[in-house]
Amino acid sequence: MQIVWFKRDLRVQDHRALTEAARRGQVLPLFVVEPEYWRLDDVSCRHWAFAAESLDALREDLAALGQPLVVRVGDVVEVLDSLSQTVNVHGLWSHEETGNGWTYTRDKRVGNWCRTNGVPWHEVPQHGVQRRSASRNGWAAQWDRFMAEPIAQAPTLKPTGVPLGRIPSAADLNLAPDGAQDRQAGGRAVAEEVLASFLTERGRTYRRAMSSPLAGARACSRLSPHLAWGSLSMREVTQATWARQKEIKALGARDGWGGALSSFSGRLHWHCHFIQKLEDAPRIEFENLHRGYDGIRPSAPDAERLAAWARGETGLPFVDACMRSLRVTGWLNFRMRAMVMAVASYHLWLHWRAPGLELARLFTDYEPGIHWSQVQMQSGTTGINTVRIYNPVKQGMEQDPTGAFTRRWVPELAKIDDHFLQEPWKAGNAGAVLGRAYPMPIVDHLSAARDARERIWAVRKGEAFRLEAQGIVEKHASRKSPHRRSRKSANAKQLDLPF
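The shown structure was predicted, so the numbers you read here are calculated from the model rather than taken from an experiment.

Draft legend 1. Layout of the overall build of the protein. The number of helices and strands found in the protein is 22 helices and 5 strands. Relative to a compact globule of 499 residues, whose C-alpha radius of gyration would be 23 Å, the protein shows 23 Å and is just as compact. If one aligns the C-alpha atoms of the protein with their principal axes, the spans along those axes are about 75 × 55 × 50 Å. Residue pairs at least 24 apart in sequence account for 80% of intrachain contacts in the protein once pairs closer than 6 positions are excluded. Here the protein displays about 20400 Å² of accessible surface, and carbon together with sulfur accounts for 51% of that area. Taking the average location of the 67 positive side-chain charges in the protein and that of its 54 negative ones, the two points are 6 Å from each other.

So, in structure tokens, the structure goes:
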């Protein structure tokens, strides 16, 4: 029996571990719900709700192939040990996973079990992340080659007779409701519809609308949770995008599609680029990438500031609107993700770990590799990226010029005139609103940004800092691909992923 261990790859199409296992014998498709994992600080009820919907769909798809998904609840090593007592396990198959620190340790335990029991474990690359990469030289070209490979077809399976088991509920896992009333739904059919609608309808304004939290909600691909849980493969999305680009070029279309899909295609590279950082340096989930920043912020966050930021009660209207929207929908466009993280790290001067965990729980599409790389980038601790301290008032004026987004999520400001919406403390009636219906700003955003900039740049002085930064560039920085238009465009893409 070949066990195919499904992890964050909940599909049967382009699932090379499944295809290769089926060529070698009877397959037992397995998903293990690990209660210990679901008690971690970076997971939440919305994550499980999306995963459970995807598992339901996967079970149906596998049943159509001949063998439904087998689900077990418990420690994966104990589950494998139990199964090995009832079936002859000739091999374990899975995709490579770049997860959080817990899954990394778990996988090492699985590897030890396999070696002890003489079971070969075949880990198959899932996307453009490259294991044991010495540097980024040639990385982009290898990504292109990998994505161009044929899509693996789903195999026919034979029934195993193994009891299927029940997919547990959130209550079974003691996951409390987290306010995600309008999150995206999971499952392969939903993912296919989202991809198709983006490539043929919604994506035309992607390039100009992606920075707006309002317009971006429709114009962005919205594929990120499906990529995070693997109901679509990166290869499927990439090849579908390439095919649509060829179609548009053949039609000679000049209505925005060409630029939109060019931007989107570039961001598909960056998805794997950021995950590669965590693959190469797992410690960045917990430690500054550049150690020169160790100790620059208090290790214990200011509890009141952290709570106000998380609740959307900082007194900075656009920041609060973004956090409240995120709590309900589980999604936020990238520029606003960067802004809320930057406000937490710079203006509120919080160590990035605590707000990073809060955002991880709130993002339905939480992908550890992208998440922790971006958290550090927006906190200025990579040592190699430009320090970007977003002005939350300016961002509100530029990205929500009509105030529609801010007013939707911060209704307490209904009596504030549009002209002062992003700076309500300047309104003539501020005293009737601030400190009553809506809080006063917990910091002066201009002076807080100035102080943060001085602190961050002060660390960058000196030869020791420069030498460590050079090593980070060699290990983690991107290289120009022959398919990239220019260094300027590549650097711009660094800030926008396919959310």
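Draft legend 2. Expanded view of the pattern of salt bridges. What the rule picks out here adds up to 32 salt bridges. A salt bridge links Arg235 to Asp14; the nearest nitrogen and oxygen atoms lie 3.1 Å apart. On the criterion of sequence distance, the pair formed by Arg235 in helix H10 (residues 234–251) and Asp14 in the loop between strand E1 (2–6) and helix H1 (16–22) is long-range, its members being 221 residues apart. A residue is classified by how much of its surface remains accessible, and Arg235, at 2% relative accessible area, is buried. Note on Asp14: relative accessible area 2%, which makes it buried. Arg324 is the salt-bridge partner of Glu412, the closest N and O atoms lying 3.0 Å from each other. With Glu412 in the loop between helix H18 (404–409) and helix H19 (430–433) and Arg324 in helix H13 (residues 317–329), the pair connects residues that are 88 residues apart, well separated along the chain. Taking relative accessible area as the criterion, Arg324 reaches 16% and is therefore assigned buried.

Draft legend 3. Up close: the sheet that holds strand E5 (residues 121–124). Taken in spatial order, the 5 strands make up an open sheet running E3-E2-E1-E4-E5, and their pairing is parallel. Two strands in the sheet have a free side with no partner beyond their single neighbour: strand E3 (70–73) and E5. Between one strand axis and the next, the sheet turns through 25° on average, direction left out of account. In terms of strand pairing, strand E2 (residues 27–33) meets E3 through 4 bridges, oriented parallel. Note that in E3 the partner of Leu30 across the bridge is Val70. Across the sheet, helix H2 (residues 45–65) is in contact with E1, E2 and E3; its angle to E2 comes to roughly 165°. Taken strand by strand, helix H3 (residues 76–84) contacts E1, E2, E3 and strand E4 (91–95), and its axis lies near 145° from that of E2.

Draft legend 4. Layout of the state of the cysteines. In the structure shown here, the tally under the stated rule is 0 disulfides. For Cys272, which is in no disulfide, the shortest distance to another cysteine sulfur is to Cys220 and amounts to 18 Å. Looking at Cys322, it has no disulfide partner, and the nearest cysteine sulfur is the one in Cys220, 13 Å off.

Draft legend 5. Representation of empty space enclosed by the protein in the model. Applying the stated criterion across every chain yields a total of 9 cavities of 30 Å³ or more. A volume near 200 Å³ is recorded for the largest cavity. Around the largest cavity, the lining comprises 18 residues; the ones closest to its centre are Arg8, Glu34, Tyr37, Glu97 and Arg106. Broken down by element, the lining of the largest cavity gets its largest block of residues, 3 residues, from E2. Across the lining of the largest cavity, the residue classes break down as 10 nonpolar, 3 polar and 5 charged.

Draft legend 6. Spatial organisation of the environment of Asn112. If you trace the backbone, Asn112 turns up in helix H4 (residues 101–117). Here the alpha-carbon distance between Asn112 and Val77, two residues 35 residues apart in the chain, equals 9.4 Å.

Draft legend 7. The arrangement of unusual backbone geometry in detail. Notably, Asp14 is not glycine yet its phi reads approximately 50°, a positive angle. Positioned with a positive phi, Arg132 is a non-glycine residue whose angle comes to about 55°. Within the secondary structure layout, Arg132 lies in the loop between E5 and helix H5 (139–148). Classification of Arg132 as exposed rests on a relative accessible area of 75%.

Draft legend 8. Fine view of the nonpolar core. Core analysis: the biggest nonpolar cluster contains 56 residues, and Trp309, Cys322, Met339, Val340, Tyr346, Leu359 and Leu413 have the highest contact counts within it. A total of 10 residues in this core trace back to one element, the largest contributor, which is helix H14 (residues 334–347). In contact with Val340, other than residues within four places in its own chain, are Trp309, Val319, Cys322, Met323, Leu332 and Leu359. Counting 33 residues, the second-largest nonpolar core is a separate cluster that includes Val4, Ala17, Leu62 and Trp93.

Draft legend 9. Seen up close, the layout of surface pockets. A volume near 400 Å³ is recorded for the largest pocket. Residue lining of the largest pocket: 20 residues in total, with Glu97, Tyr104, Asp107, Lys108 and Arg131 positioned closest to the centre. Here the lining of the largest pocket gets 9 residues from one element, more than from any other, and that element is H4.

Draft legend 10. Layout of the side chain of Glu279. Relative to the helices and strands, Glu279 resides in helix H11 (residues 257–280). For Glu279, a relative accessible area of 18% gives the class buried. Among the polar contacts listed, one links the side chain of Glu279 to the side chain of Arg131, at a separation of 3.0 Å. Beyond its immediate sequence surroundings of up to four residues, Glu279 is in contact with Thr98, Val129, Gln130 and Arg131.

Draft legend 11. Focus on the packing of H3 against H4. It is at 9 Å that the axes of H3 and H4 come closest, and there the two elements cross at 25°. For the element pair H3 / H4, the angle class is roughly parallel. Seen from above, H3 lies across H4 with right-handed handedness. Facing H3, whose interface residues are Val76, Val77, Leu80, Asp81 and Ser84, H4 presents Arg106, Arg109, Val110, Trp113 and Asn117. Within the contact of H3 with H4, the residues separate by chemical class into 5 nonpolar, 2 polar and 3 charged.

Draft legend 12. Region of the structure containing H2. Relative to the 30 Å expected for 21 residues at 1.5 Å per residue, H2 spans 30 Å between its end C-alpha atoms, a close match to the ideal helical length. A positive phi of about 130° marks Gly66, the residue just after H2.

Reading guide: rules and limits
Per chain, residue numbering runs from 1 following the sequence as it is written. Only residues with pLDDT of 70 or above have their local features reported here, since the model is predicted, and side-chain atom pairs are shown and tallied only from 80 upward, although totals for entire chains, interfaces and linings are computed over all residues. To get the side-chain values, take all heavy atoms of the structure and skip hydrogens and water. Numbering of helices and strands starts at the N terminus; helices are DSSP runs of H or I of at least 4 residues and strands are runs of E of at least 2. Values of the radius of gyration come from C-alpha atoms, whereas the globule rule sets the reference at 2.2 Å times the count of residues to the power 0.38. Here a residue-residue contact requires only that any non-hydrogen atoms of the pair lie within 4.5 Å. Residue exposure ignores everything except the shown protein chains as possible cover, and the areas themselves are Shrake-Rupley values with a 1.4 Å probe. Think of it this way: Lys and Arg go in the positive column, Asp and Glu in the negative one, and His and the chain ends go nowhere. We put the charge of a Lys on NZ, of an Arg on CZ, of an Asp on CG and of a Glu on CD. The working definition used for a salt bridge is a side-chain nitrogen of Lys or Arg within 4 Å of a carboxyl oxygen of Asp or Glu. Accessible area is worked out with a 1.4 Å probe on protein chains only. A residue is then buried under 20% of its type maximum, exposed over 50%, and partly exposed in between. Two strands make a pair as long as DSSP finds a minimum of two bridges between them. Orientation is described by axes fitted as lines to C-alpha atoms, over the contacting stretch for helices, and by angles from 0 to 180 degrees between their N-to-C directions. For the purposes of this analysis, a disulfide is any pair of cysteine sulfur atoms at a distance within 2.5 Å. As defined here, a cavity is a set of points on a 1 Å grid over the protein atoms alone where a 1.4 Å probe fits but cannot get out. A pocket is an open set with protein on both sides within 12 Å along at least five of seven lines, and residues line them when an atom is within 4 Å of a point. Grid points are joined across faces, edges and corners, and a volume is the space filled by probe spheres set on the points. Under the scheme applied here, ten amino acids are nonpolar (Ala, Val, Leu, Ile, Met, Phe, Trp, Tyr, Cys and Pro), four are charged (Asp, Glu, Lys and Arg), and all others, including Gly, are polar. Buried Ala, Val, Leu, Ile, Met, Phe, Trp, Tyr and Cys residues that are joined via side-chain atoms within 4.5 Å together make up what is termed a nonpolar core. In protein, a polar contact means a hydrogen-donor-capable atom and an acceptor-capable atom, both N or O and within 3.5 Å, with residues adjacent in sequence counting only if both atoms are side-chain atoms; elsewhere, any N or O pair within 3.5 Å suffices. Here is the rule for angles: anything less than 35 degrees is roughly parallel, anything more than 145 is roughly antiparallel, 65 through 115 is roughly perpendicular, and the remaining ranges are oblique. With the far helix as reference, a near helix turned anticlockwise by less than a right angle produces a left-handed crossing, and one turned clockwise produces a right-handed crossing. A helix is expected to span 1.5 Å for every residue after the first.

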